[in-house]
Amino acid sequence: MRVENLNLKQFRNIAELDLHCPEELHLFVGPNAQGKTNILESLYLLALGKSHRTRTHRELIRFGEKRAVAKASVRKGEQKLRLEVQMTEKGKKVSRNGIEQPRLSQYIGSLPAVLFAPEDLALVKGSPQIRRRFLDMEIGQVSPAYVHHLTQLNKLLTQRNSLLKQLGQKGTFQSALLNVLDEQFIQFSIDLWKKRLAFLSSLKKWARGIHQAITRGLEELEIEYLPSLPSLLDTDPGEWPLLLQRELEKKREKEIRRGTTLIGPQRDDLRLTANGLDLHLYGSQGQQRTAALSLKLAEIELIYQETGYYPVLLLDDVLSELDDSRKTHLLEAIRGRVQTFVTTTNLEGIDQETLAKARIYQVRQGR
Ligand code: ATP
Ligand code: MG
């Protein structure tokens, strides 16, 4: 996978950018607040149809302007793709090879990408919601069907929760409609669980290897899925429908009293441990960062396995937080396979071999 050209207009603080970038490693260097992350954000936007920093696309339009455009031409094996995201005050339009893509689920995957940004520390440090979002986004990149099922589950949950509230107000615990919704809920949940567990079992293998290399064998990373229905993991998937149905029956009164769905993929979590230590609770900052980075780098291999293409790697401000040997190791690990875009405030501690191969850009005031 190679981004060959990146073209931006009125994107954040960048009035115009025309980058011919078929090389492998690109280093964007400059002081704070110059536009380095904005460039990575535009690549992420082209890859996933949305920003990693904001939900409101209007923020991406340069102050005082009405329209922003991000375009990329991408080489995917023999294929060439033209990707484009246009943002106006009215909305956002995503297109591939000149054809508008109204459904993001059908667009995602055009440019597989993996981003590691300072916020990703929250993968370990933050709430379960952040870990679920990580799973959902990453699986979504390799499985459009997953995105579709997830959207359906969320719609269904909105419907189910509002019905639960209504029933609570009426004080009834019987509802034919709830039974129908439950049947669908069980189907979607099981589908998502299967996909998440399969994804996780491969992710785990890669992440552990990478983690071991970065910590030089001193720490062993373990990743566990924590379902809101704990018996799930000890039950044969063939029996999941019955298991979930029974659990929903058991919880029905409680769910109606609380007006919300208490079990399902929307309430699950992940546990990350290093040498048996729960990193969320007890990990040092450095340990948390190493674990989060390992998860992200594992995705590179996973996406390759699933699609046959290495994704592009976007590393925002990661180098400044790693010691020199980790920096070198990280850059070595990705060399030769993965097109990488890196932001950094300085080039200190980056080995000569890497610097010799890299394209280095000075970023100043959006130029
Ligand atoms: P750091 O090293 O601190 O991470 P950076 O070079 O990555 O800095 P960016 O996050 O890319 O900085 O942001 C650069 C500037 O873009 C910021 O000063 C920000 O105020 C500005 N900016 C953000 N959104 C817009 C916008 N819509 N219009 C104009 N400028 C914007
Ligand atoms: Mg930045």
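Data block above holds the structure.
K.L.:
What is the right way to read unusual backbone geometry from this model?
P.N.:
The bulk of non-glycine residues show a negative phi, and the bulk of peptide bonds are trans. Positive phi, close to 50°, is recorded for Gln10, a residue that is not glycine. Here Gln10 shows up in strand S1 (residues 2-11). One non-glycine residue, Arg12, adopts positive backbone phi at about 50°. Among the structural elements, Arg12 can be located in the loop between S1 and strand S2 (14-20).

K.L.:
How do you make sense of the sheet that holds strand S10 (residues 269-274) when you look at a structure like this?
P.N.:
Strand pairing in a sheet takes place through backbone hydrogen bonds and is either antiparallel or parallel in direction. Here we have 3 strands laid out as an open sheet, ordered S9-S10-S11, and antiparallel in their pairing. Both outer strands of the open sheet, strand S9 (221-226) and strand S11 (277-278), are each paired with one neighbouring strand and no more. Here S10 runs beside S11; their pairing, made up of 2 bridges, is antiparallel. Considered in S11, the bridge of Ala274 is made with Leu277. Those strands touched by helix H6 (residues 176-214) are S9 and S10, and its axis lies near 170° from that of S9.

K.L.:
Even after reading the chapter, I still don't get the site of ligand 1, so can you show me in this structure?
P.N.:
Lining the immediate environment of ligand 1, one finds 16 residues, of which Ala33, Lys36, Thr37, Glu59 and Ile61 sit closest. Between ligand 1 and Ile61, the relevant distance is 2.9 Å, taken from a nitrogen atom to a main-chain nitrogen or oxygen of the residue. Compared with its free state, where it exposes 660 Å², ligand 1 has 76% of that area covered by protein. Residue composition of the shell around ligand 1, grouped by class: 4 nonpolar, 6 polar and 6 charged.

K.L.:
What exactly am I supposed to notice about the pattern of salt bridges here?
P.N.:
Side-chain pairs of opposite charge can arise whenever the charged atoms involved come near each other. Considering all chains together, one arrives at 24 salt bridges under this definition. Of the charged contacts in the structure, one is a salt bridge between Arg53 and Glu41, with a shortest N-O distance of 3.3 Å. With Arg53 in the loop between helix H1 (36-48) and strand S4 (67-76) and Glu41 in helix H1, this residue pair connects regions lying 12 residues apart in the sequence. A relative accessible area of 38% places Arg53 in the partly exposed class. Taking the shortest distance from any N to any O, the salt bridge between Arg208 and Glu220 comes out at 2.7 Å. Of this pair, Arg208 sits in helix H6 while Glu220 is found in the loop between H6 and S9, placing the two residues 12 residues apart along the sequence. Three or more residues joined by partner-sharing salt bridges are found here, namely Arg160, Asp182, Arg252 and Glu255.

Parameters at a glance
Residues numbered from 1 in each chain as written. Chains lettered and ligands numbered in written order. Predicted model: local features only at pLDDT ≥ 70, side-chain atom pairs only at ≥ 80, totals over all residues. Heavy atoms only, no water. Helix = DSSP H or I, 4+ residues; strand = E, 2+ residues; numbered from the N terminus. Pairing = 2+ DSSP bridges. Contact = heavy atoms within 4.5 Å. Axes fitted to C-alpha atoms, helices over the stretch in contact; angles between N-to-C directions. Near = heavy atom within 4 Å. Polar contact = N/O pair within 3.5 Å; in protein donor to acceptor, adjacent residues only side chain to side chain. Areas by Shrake-Rupley, 256 points an atom, 1.4 Å probe, with all protein chains shown as cover. Nonpolar A, V, L, I, M, F, W, Y, C, P; charged D, E, K, R; others polar. Salt bridge = Lys/Arg side-chain N within 4 Å of Asp/Glu carboxyl O. Buried < 20%, exposed > 50% of the residue type's maximum accessible area, 1.4 Å probe, protein only.

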